[in-house]
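Residue-level listing of the chains:
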Amino acid sequence: MIMDINAIMIVLLSVTIVCLLFIMYVMYVRIQQLLEEVAALTGRMEITGSELEQLTRSVEEYKRARG
């Protein structure tokens, strides 16, 4: 009887560990996807010095034309 309870506990704990490992793997994959998305968004958000100068000139020209 005692061996049966120990065997059942070992099986249940083994299944629990396997489930937790699968959940960790899924979380790891999702984190990698999110990091790729962040890298893509960062690349789009970066502005170069020449783009900033052009934007500043355009705003100044707009202010002069309007006022």
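Here the structure is a predicted model, which is why all the values come from computation and not from measurement.

Draft legend 1. Inspection of the overall build of the chain at higher detail. If you tally the helices and strands in the chain, you get 2 helices and 0 strands. The C-alpha radius of gyration of the chain comes to 29 Å, more than 25% above the 11 Å expected for a compact globule of 67 residues. Burial statistics for the chain: of 67 residues in total, 0% are counted as buried. A total of about 6600 Å² of accessible surface is found on the chain, and carbon and sulfur atoms cover 70% of it.

Draft legend 2. Quick peek at the UniProt feature "transmembrane region" (unreviewed entry) in the chain. The sites that UniProt annotates as "transmembrane region" (unreviewed entry) are residues 7-28. In residues 7-28, helix accounts for 100% and strand for 0%; the two terminal C-alpha atoms are 31 Å from one another.

Draft legend 3. Focus on a nonpolar patch on the surface. Side chains of L20, F22, I23, Y25, V26, M27, Y28 and V29 sit close together on the surface and give an oily, nonpolar patch of about 810 Å² of accessible area. One can find M27 in helix α1 (residues 2-45). Assessed through its relative accessible area of 49%, M27 is described here as partly exposed.

Cut-offs and rules
- Residues numbered from 1 in each chain as written.
- Predicted model: local features only at pLDDT ≥ 70, side-chain atom pairs only at ≥ 80, totals over all residues.
- Heavy atoms only, no water.
- Helix = DSSP H or I, 4+ residues; strand = E, 2+ residues; numbered from the N terminus.
- Rg over C-alpha atoms; globule rule 2.2 N^0.38 Å.
- Buried < 20%, exposed > 50% of the residue type's maximum accessible area, 1.4 Å probe, protein only.
- Areas by Shrake-Rupley, 256 points an atom, 1.4 Å probe, with all protein chains shown as cover.
- UniProt positions renumbered as here; feature names shortened; annotations may be inferred.
- Patch = residues over 30% accessible without salt bridge, like charges linked within 9 Å, V, L, I, M, F, W, Y side chains within 5 Å.
- Salt bridge = Lys/Arg side-chain N within 4 Å of Asp/Glu carboxyl O.

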